[in-house]
Amino acid sequence: MSERANRLLREAVHELAGSPHQPPDFASAAIAQGRRIRRRRQTMAAAAAVVAIGAIVAPYVWLRPDPRPPLAVGGPPAATAPVATATGSPTPRPTPGQDWSHNPVELPGGALLLTAGSTGAAGPTWVYDPANRRYVSLPATYTAVRASPHRTVAAVRRTDRPTDVGLYDLATGKPRWFRAGGTVLAFDWSPDGGRLLITLQDRKTGMYSIGLLTPDNGSFQRYPVKTRDLGGCVQACQFTWLPSGKEVALPLAGPVFDLSGENPPAAKSGLQLFAVDDGVPTRFLPVRGDILSSAAWSPDGSMVVVSVLSPGSGGAVSGAESGAIPRASDAAGRRGEAQTAAQLVSTDTGKVLRQLPSADVAWVGPARLLYLDGTGQPGRLVALLVDPAGAEHERVELPAELMRSDEFTVAVR
């Protein structure tokens, strides 16, 4: 028997000997009593150790700083104080390198350059091929090019085929032509990229029609606008999509009257809206000016950027009928005889909210607009991201090869 066990047995015998009631099996009882004494001492020792450790660790736990709260799923928690906005000139991002055509050209605001070309014969049109993530060159014989933001095709037009629209396959380099049933003035893709909106005009009657081409099945519909008196276009006679994809707008110098006579006459110009699926007039908005592309509408449709003739200027805007999207230098009147200005307008009231540097814009979010500027420094073309107040937030210089281009389209990713 060990010394420890012998000591416990003697203590147990001593305790039992002092008890008034002696157990019949004194030896067994003494051994059991010794085990109970050992368990009591182990329990007391463990408790003492816990108390001692707590006394040592507690000051460090109480005095250390509180841990950071867990991050929300959507990102870091909002700051408790407003963050100051930089008021200086935005820092330009690096210019794409010499191999820019082999990669997508990223623009401010998360946008992507879709096409860059010329309305004349200055050079080819560069079109982004999403399947191969590169730009392909289309010959200058195509006077207008609109790349689909979600398909590997581009809508094209040629001077020798004024009543046709082509879908150019970027993989094969071959177009597929469709008879439009009228002179093609302009075209633009729907917000979801599923349909091509075509502005058509009958040269004999002057009547305008809405053309809809669906690339997925090759179907084509033509809807003459149902009106008694169309009036005259302001400058650019072309339909543009509204953000909903259910209506299109045409800038007019006079009101449109539907066949039921429910649309009262008005003495001022504005935007006549039509249902895209049947050409029936729906609403009249008191917005004066030309809309250069469907990208000029704010995402919620409450604002639109228009191009208007400056006071004292006259004549038609050069290239307006073609539906081209000129650079900022064109909107400033550097091409053609007419001087134009860009305005941000409320679609509900027609109120001019403010002047903008260019009418050739693309909304890349609820509060950001993107436009191209070639007037800042000679030989440089810069994409600028601004807010509706006109403040600049970001800029990126485009490749020098695109300086000859005066028509651009972008896609928001």
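Quick note: structure is the one above.
Residues numbered from 1 in each chain as written. Predicted model: local features only at pLDDT ≥ 70, side-chain atom pairs only at ≥ 80, totals over all residues. Heavy atoms only, no water.

### Description of the overall build of the protein
Okay, step 1: From N to C terminus, the protein includes three helices and 25 strands.
Okay, step 2: A total of 413 residues make up the protein; the buried ones form 44% of that total.
Okay, step 3: Expressed as a percentage of contacts within the protein between residues at least 6 apart in sequence, the contacts between residues at least 24 apart total 49%.
Okay, step 4: For the protein, the exposed area adds up to about 21500 Å²; of that, 55% sits on carbon and sulfur atoms. (Helix = DSSP H or I, 4+ residues; strand = E, 2+ residues; numbered from the N terminus. Buried < 20%, exposed > 50% of the residue type's maximum accessible area, 1.4 Å probe, protein only. Contact = heavy atoms within 4.5 Å. Areas by Shrake-Rupley, 256 points an atom, 1.4 Å probe, with all protein chains shown as cover.)

### Topic: the sheet that holds strand S10 (residues 183-189)
Okay, step 1: Strand order in the open sheet formed by four strands is S10-S11-S12-S13, and the pairing between neighbours is antiparallel. Since the sheet does not close on itself, it has two edges, and those belong to S10 and strand S13 (219-224), each with one partner. With strand direction ignored, the average angle separating the axes of adjacent strands in the sheet is 20°.
Okay, step 2: Pairing of strand S12 (residues 208-214) with S13, which is carried by six bridges, proceeds in the antiparallel orientation. Paired with Ser209 across the two strands is Pro224, which belongs to S13. (Pairing = 2+ DSSP bridges. Axes fitted to C-alpha atoms, helices over the stretch in contact; angles between N-to-C directions.)

### With respect to the pattern of salt bridges
Pairing is possible between side chains that carry opposite charge, provided their charged atoms lie close to one another.
Okay, step 1: Overall, the coordinates contain nine salt bridges when judged by the stated rule.
Okay, step 2: One continuous salt-bridge network, built from bridges that share partners, spans Arg161, Asp164 and Arg179. (Salt bridge = Lys/Arg side-chain N within 4 Å of Asp/Glu carboxyl O.)

### Observations concerning the nonpolar core
Okay, step 1: If you look at the biggest cluster of nonpolar residues, it comprises 31 residues, and the most contacted ones within it are Leu107, Leu113, Val127 and Leu138.
Okay, step 2: Mapped onto this core, the elements with two or more residues apiece are strand S3 (111-117), strand S4 (125-129), strand S5 (134-138), strand S6 (142-147), strand S7 (153-158), strand S22 (368-373), strand S23 (382-386) and strand S25 (407-412).
Okay, step 3: Examining the composition of this core, we find that five residues originate from one element, S3, more than from any other.
Okay, step 4: Other than its neighbours up to four places away in sequence, Leu113 contacts Val105, Leu107, Tyr128, Tyr135, Leu402, Phe408 and Thr409.
Okay, step 5: Leu242, Ile291, Val308 and Ala359 belong to the second-largest nonpolar core, a separate cluster that totals 27 residues. (Core = buried A, V, L, I, M, F, W, Y, C linked by side-chain atoms within 4.5 Å.)

### Notes on the sheet that holds S7
Okay, step 1: Spatially, S6-S7-S8-S9 is the arrangement adopted by the four strands of the open sheet, whose pairing is antiparallel. A strand with exactly one partner marks an edge of an open sheet, and here the two such strands are S6 and strand S9 (174-179). The sheet shows a mean angle of 30° between the axes of neighbouring strands, direction not considered.
Okay, step 2: The pairing of S7 with strand S8 (residues 161-169) spans five bridges and is antiparallel. Counted as the bridge partner of Arg158 is Arg161 from S8.

### Here we look at the environment of Val153
Okay, step 1: Summarising the element assignment, Val153 is placed in strand S7.
Okay, step 2: Spatially, the C-alpha atom of Val153 lies 4.8 Å from that of Asp169, the residues being 16 residues apart in sequence.
Okay, step 3: When residues no more than four places from it in sequence are discounted, the contact partners of Val153 are Ala147, Ser148, Tyr168, Asp169, Leu170 and Trp189.

### Points about the packing of aromatic side chains
Okay, step 1: With the rule as written, the count across this model stands at five aromatic pairs.
Okay, step 2: For the ring pair Tyr128 and Tyr135, a centre distance of 5.1 Å and an interplane angle of 55° mean the geometry is tilted. Residues Tyr128 and Tyr135 agree in their burial class; the two are buried.
Okay, step 3: Taken together, a centroid distance of 5.9 Å and an interplanar angle of 80° make the contact between Phe239 and Phe274 edge-to-face. Of the two residues, Phe239 sits in the loop between S13 and strand S14 (240-241) while Phe274 sits in strand S16 (residues 270-275), which places them 35 residues apart along the sequence. Phe274 carries the same exposure label as Phe239, and that label is buried.
Okay, step 4: Three or more aromatic residues joined by ring pairs make a cluster, and in this case those are Trp100, Trp126, Tyr128 and Tyr135. (Phe/Tyr/Trp six-rings, centres within 6.5 Å; stacked < 30°, edge-to-face > 60°.)

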